[in-house]
Amino acid sequence: MSFDDRPARPVRPAPVPQRRSPLAITAVVLGALVLAAIATANIWTEVVWYDQLGYSEVWRTQWLARIILFVIAGGIAAFVIWLNLWIAKRVRPARTGGRSQLDQVREQIEPIERLAMIVLPSVIGLVVGLAVSSQWETVVAWLNHETFGTQDPQFGLDASFYVFTLPMLNLVVTLILALGVLSTLIAAFVHLLYGGIAGTGRSFVASKGARIQLALLGATVMLAIAANYWLDRYGLLTKSGEKFYGASYTDVNAILPSRSILAGIAIVVAIVFLVVIWRGDWRIPAVGIGLMLLSAVVIGGIYPSIVQRFQVSPNEQELETPFIQNNIDATRYAYGIADVEETQYRASTEAEADALRADAETTAQIRLLDPNIVSPAFQQLQQNKQYYNFADLLHVDRYALDGELQDTVIAVRELNLDGLGQESRNWVNDHTVYTHGFGVVAAYGNKTQSDGQPSFFERGIPSVGLLGDYEPRIYFGSTVPDYSIVGAPEGTTPWELDYPDDNSETGQVNTTYTGDGGPAIGNLFEKLMFAIRMGEEQILFSDRVTEESQILYYRDPLERVARVAPYLELDQSAYPAVVDGRVVWVVDGYTTTDQYPYSAPVASDSLFAQQSGATTATTVLNYVRNSVKATVDAYDGSVTLYAWDAEDPILQTWQHVFPTSIEPISEISGELMSHLRYPEDLFAIQRYQLTQYHVTDAASFYSGQDFWRNPADPTDDTRLQPPYYLTLQMPDQTEPTFSLTSNYIQGGDNPRNILTGYLAVNSETGSTAGEVAEDYGTLRLLELPRDTTIPGPGQVQNNFNSDPDAQETLNLLRQGETDVVNGNLLTLPVGGGLLYVQPVYVQSSQGTQVPLLRKVFVAFGDSVGFADTLPEALDQVFGEGAGEGAAGDTGTDTGTDTGSGDSGTTDGGTGDAVDPTAEAALQDALDRANQALQDSQAALADGDFTAYGEAQDALAAAIEDAIVAEAELTGAAADATTESTTEPSATASAEPSAEPAETLEGDLSAP
């Protein structure tokens, strides 16, 4: 049938098809093969990595979920679009005479009609399938969800409805609405194209088939809108208001009813659409849509504004009180701050002579070694070779040394290939020779040497000290190469650099990896897959890749944990610990949600580690639990997840999804338990929320007059003062415990830096296998009296900076080419008040910089002490003898401890005759060491670093001689070539967050 009666056009000869170029065909085929090979290599290497690590269940579950969701959602979307296209074509009216512009369009579309029936649904199905598959966590969490056991005060629903069910319902409604709108547009276009819809002046007419299809689609869209309005009612409980979070009086009494009414109107409009099937009058649903839009404006917008303006605002405090209380209660529960032990602390500001006697144990452990500053000292004194490295920010832990817990600053000597010269950088060296770091270095937190250097009790290569035997090789860490190929057949000469050794003919000791840290890469197929994955052909041809080889990749501890536990947020830093003869990285994992009803959210782009492949993004949450403790073995990379908070419903939900991936807390050994701690990121969030939510009375909360804030860091006012790990005793405790602490000052725009509160959480987990110490995690808040002015950190720092005697001394230290660096300002509740302690370091302003502890500030009230040692500074504030016992009695270690813990007695305690020659040699060496120390101090005071270096060399030689002489006296097989750095001292360790948890610009903020 033709569209007009004009003569048929002459038939044109069919065009002769052009022959396709063999070269083009070959290029297309090769391109497809390359893409297939790359995809295969990436998938296969992922599978074998998970399988080798023992977490194949995680990979299989999440990808199976993604694939199923992709197939189901994509298939449904494609089918819905195809069905509507098919129906629209099926019911199109027969063509009549005449020819229009639409006929010309139809003629052009007709050749690709069949293709469009396949391509359009496929493309839409692909997009929808990918979008829904990315929400696999939402779906599987809903399918396996556990209840919270807490109900919202408005609807009486368990919190799990908001956390798990509501996101799933929103996903389904959004999918239906999107497909309904798309189908309507596509069907309307097809009907318009084929004449099913025709315009008649100001209106249009539709064929019966078009009318039925479009009416049904319109009803579907309106029902989805009705469902969306209905679900919005529940969303009111997680909305942000001007003064608090969750539903307000206006929300409950105006907006919530309006959502219900609008949902009902949408259902009526959907019914009206169905009437069109019989009446054929599109004006009826058009009027219905218009009335719904008008209702949305009036009922959903104007009416709530009137209620807020004329009913709520004049009586806001009374009307909003119950809703504010809902917000307070939910927030304190969601962040684990409901059980904070609050104490009214009438802090004294007058220093009394005997005030410190009751707190002698706390003052004995005050940390002077600042892990945020002393990394360069670790680098210079313990780096050993340029290809080793320590983190810029060190970590604080505690170790039992000589039967007593000691706060410790600890670091791992990791491999850093950037330290090698370019002439040494090649594929063989980068990936088969330099494969691992070596050992840990640990210093007493509350001691330094007499020259201000850290006092190491574990140091050197090979490692010597008080930590005993452990596997020192660090194959997994944050700065190791992106991949290394390790292992070799038995009997092969080792080629992996283990550690440098001047006594070896080659200057180094080599090793062969014997662990099980990565997938095998021995056969041709494995080599090919990893060569493609790593983009390196050397893997195929190198003799270093043998049948016993393994390839180590994904070596950062945070990345490894993120890959095996994709449902967790991770603490921003992993910290090392020597546990059961191994070095392990400890990672804290959090389960979070932003859908807990009535809870105030926080937003931060500095908390939590970035997940694998993630870009920098702000994390928003309003519920958090430290539900998982994870360890990553530094030698074999094995990852173990422990259910730390087994009662958390979100963790329980994911345990249903991945039933074999998480170990119970009973599997934690006693030694590992002793090195676990309260996580920094969680504490940073809790202390932020407590700036407002320490107020539990709704009326007081509304007024906001007692809100606090976290102070700026006195040493870096671009960020907030970070929390510190510190061993201390709170007023209601019977003994000091390892804790995490923070300060509060007045809130608002008041510039006064006055202390209003002090927060500490017990971070001591105990040392019993599978059992957490009873008091662990207890938050204690000291609220200071409002009628007493207690200086805040900023004011104390100002007092330090304006003290004339102190600044005269510091100005002398700044002379020459030296800088003065203030350490972290610690706050401790001792002596009936609050004691501030700040170490002061001196370092070269150019070239090699080694921060040395030279002075200590102390403040109590308005009294300031400044001296060479902590005891002397305490004596200045509290009176003579007040500092006895502080910082290990002396504050410095002037001895020559070799790290063995011996005191250096000359007869070994055996009662044998003393060798007079050896005794004289020992005394001479000690005298020379003492003279070298004095020369070092004098050179440092003069800023003469050449003389300082010479004095340090003399000190090292004297110590070596002393070690040899002592070994002769005791009969011990001491090695006179052992590293000659001087050792231990004492400082209660306080560690700032590895990254600032917050900044003044609002890294932690209310979204």
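None of these values were measured; they are calculated from a predicted model.

### Topic: the overall build of the protein
- Regarding its fold elements, the protein presents 25 helices and 36 strands.
- Taking all 1007 residues of the protein together, the buried fraction comes to 52%.
- Within the protein, contacts between residues at least 6 apart in sequence are counted, and of these 71% link residues at least 24 apart.
- For the protein, the exposed surface amounts to about 44,200 Å²; the carbon and sulfur share of it is 53%.

### Focus on a negative patch on the surface
- Together, E350, E352, D354 and D862 make up a region of like negative charge exposed at the surface.
- Mapped onto the elements, D862 comes out in the loop between β34 (852-860) and β35 (863-867).
- With a relative accessible area of 63%, D862 lands in the exposed category.

### Digging into the pairing of strand β10 (residues 454-459)
- Extensive coverage of β10 is indicated by the burial of six of its six residues.
- Hairpin connection of strand β9 (residues 440-449) to β10: four residues between the antiparallel strands, including G452 at a positive phi of 90 degrees.
- In this sheet, strand β11 (residues 464-465) lies alongside β10 in antiparallel orientation, the contact comprising two bridges. Residue pairing in the sheet places R459 in a bridge with V464 of β11.
- Where β10 folds back onto β11 in an antiparallel hairpin, the turn is made up of four residues, including G460, whose phi is positive at roughly 85 degrees.

### Overview of empty space enclosed by the protein
- Throughout the structure, instances matching the rule amount to four cavities of 30 Å³ or more.
- Looking at the largest cavity, its volume works out to about 60 Å³.
- If you trace the largest cavity, you find it lined by R687, Q721, P722, P723, Y724, T741, S742, N743, Y758, L826 and T827.
- Listing elements by their share of the lining of the largest cavity, those giving two or more residues are β28 (737-746) and β32 (826-828).
- No other element matches the three residues that β28 contributes to the lining of the largest cavity.
- Looking at side-chain class alone, the lining of the largest cavity contains five nonpolar, five polar and one charged residues.

### A short note on the nonpolar core
- F378, L641, W654, L835, V837, V858 and F878 are the most contacted members of the largest nonpolar core, which totals 210 residues.
- For this core, the element with the highest residue contribution is helix α6 (residues 159-193), accounting for twelve residues.
- Filtering out sequence-adjacent residues up to four positions away, F378 remains in contact with Q383, F390, L394, V409, A411, V441, A443, P454 and F456.
- By size, the runner-up hydrophobic cluster in this structure holds 18 residues, among which are A187, A210, L214 and A226.

### Here's the deal with unusual backbone geometry
- For the peptide bond that leads from I461 to P462, omega is -10 degrees, which places it in the cis range.
- As for its position among the elements, P462 is in the loop between β10 and β11.
- Positive phi is not limited to glycine here, since Y554 has a value of about 50 degrees.
- Examined against the element boundaries, Y554 turns out to sit in the loop between β16 (550-553) and α16 (557-564).

### Notes on the environment of T150
- Examined against the element boundaries, T150 turns out to sit in the loop between α5 (136-143) and α6.
- Between the alpha carbons of T150 and A330 there is a distance of 9.5 Å; along the sequence they are 180 residues apart.
- Not counting the four nearest positions on each side in its chain, T150 is found in contact with L157, D158, A159, Y333 and Y596.
- Of the polar contacts made by the side chain of T150, one reaches the side chain of Y596; its length is 2.9 Å.

### Considerations on the packing of aromatic side chains
- Considering all chains together, one arrives at 42 aromatic pairs under this definition.
- Geometrically, the ring pair formed by F161 and Y162 is edge-to-face, given 5.3 Å between the ring centres and 90 degrees between the ring planes. Side by side, F161 and Y162 carry an identical accessibility label, which is buried.
- Look at F530 and Y553: their rings are 5.6 Å apart centre to centre, the planes differ by 70 degrees, and that puts the pair in the edge-to-face class. With F530 in helix α14 (residues 524-534) and Y553 in strand β16, this residue pair connects regions lying 23 residues apart in the sequence.
- Put simply, the rings of W44, W49, Y50, F525, F530, Y553 and Y554 touch in pairs and so form one group of aromatic residues.
- When the ring centre of Y554 is taken as origin, the NZ or CZ atom of R563, which lies over that ring, is 3.6 Å away.

### Some remarks on a nonpolar patch on the surface
- Together, V287, L291, L294, V297, V298, I302, I306 and F310 make up a nonpolar patch on the protein surface, roughly 760 Å² of accessible area in all.
- Here V297 lies in helix α9 (residues 283-312).
- In this structure V297 comes out as partly exposed when scored by relative accessible area, which is 49%.

### Some remarks on the side chain of T408
- Following the sequence through the fold, T408 ends up in strand β6 (residues 404-412).
- A distance of 3.1 Å separates a polar side-chain atom of T408 from the backbone oxygen of Q406.

### Re the pattern of salt bridges
- Inspection of the entire model under this criterion finds 20 salt bridges.
- R582 is the partner of D633 in a salt bridge, and the nearest nitrogen-oxygen pair spans 3.0 Å. Pair noted here: D633 is in strand β22 (residues 623-633) and R582 is in strand β19 (residues 582-593), with a separation of 51 residues, a long-range link.
- Residue class for D633 comes out buried when judged on its relative accessible area of 9%.
- What you see here is one network of salt bridges that share partners, running through E46, R533, E559 and R563.

### Considerations on helix α17 (residues 649-657)
- Turning to α17, its buried residues number three or more, namely P649, I650, L651, T653, W654 and V657.
- At its buried positions, α17 is contacted by α2 (56-90), α5, α6, β19, β22 and β23 (639-643).

### Let's talk about the confidence of the model for the protein
- In the predicted model, the protein carries a mean pLDDT of 84, and the fraction of residues at 70 or more is 86%.
- Model confidence for the protein, summarised as mean pLDDT per element, is weakest for strand β36 (residues 892-893) at 50 and strongest for β22 at 97.
- In the predicted structure, residues 888-892 sits below a pLDDT of 50 and forms 16 contacts with residues beyond four places in sequence or in another chain.

Basis of the calculations
- Residues numbered from 1 in each chain as written.
- Predicted model: local features only at pLDDT ≥ 70, side-chain atom pairs only at ≥ 80, totals over all residues.
- Heavy atoms only, no water.
- Helix = DSSP H or I, 4+ residues; strand = E, 2+ residues; numbered from the N terminus.
- Buried < 20%, exposed > 50% of the residue type's maximum accessible area, 1.4 Å probe, protein only.
- Contact = heavy atoms within 4.5 Å.
- Areas by Shrake-Rupley, 256 points an atom, 1.4 Å probe, with all protein chains shown as cover.
- Patch = residues over 30% accessible without salt bridge, like charges linked within 9 Å, V, L, I, M, F, W, Y side chains within 5 Å.
- Salt bridge = Lys/Arg side-chain N within 4 Å of Asp/Glu carboxyl O.
- Lys, Arg positive; Asp, Glu negative; His and termini not counted.
- Charge placed at Lys NZ, Arg CZ, Asp CG, Glu CD.
- Pairing = 2+ DSSP bridges.
- 1 Å grid on protein atoms, 1.4 Å probe; cavity = no way out; pocket = protein on both sides within 12 Å on 5 of 7 lines; lining within 4 Å.
- Points joined across faces, edges and corners; volume = space filled by probe spheres on them.
- Nonpolar A, V, L, I, M, F, W, Y, C, P; charged D, E, K, R; others polar.
- Core = buried A, V, L, I, M, F, W, Y, C linked by side-chain atoms within 4.5 Å.
- Polar contact = N/O pair within 3.5 Å; in protein donor to acceptor, adjacent residues only side chain to side chain.
- Phe/Tyr/Trp six-rings, centres within 6.5 Å; stacked < 30°, edge-to-face > 60°.
- Lys NZ or Arg CZ within 6 Å of the ring centre and 35° of its normal.
- pLDDT = per-residue confidence, 0-100.

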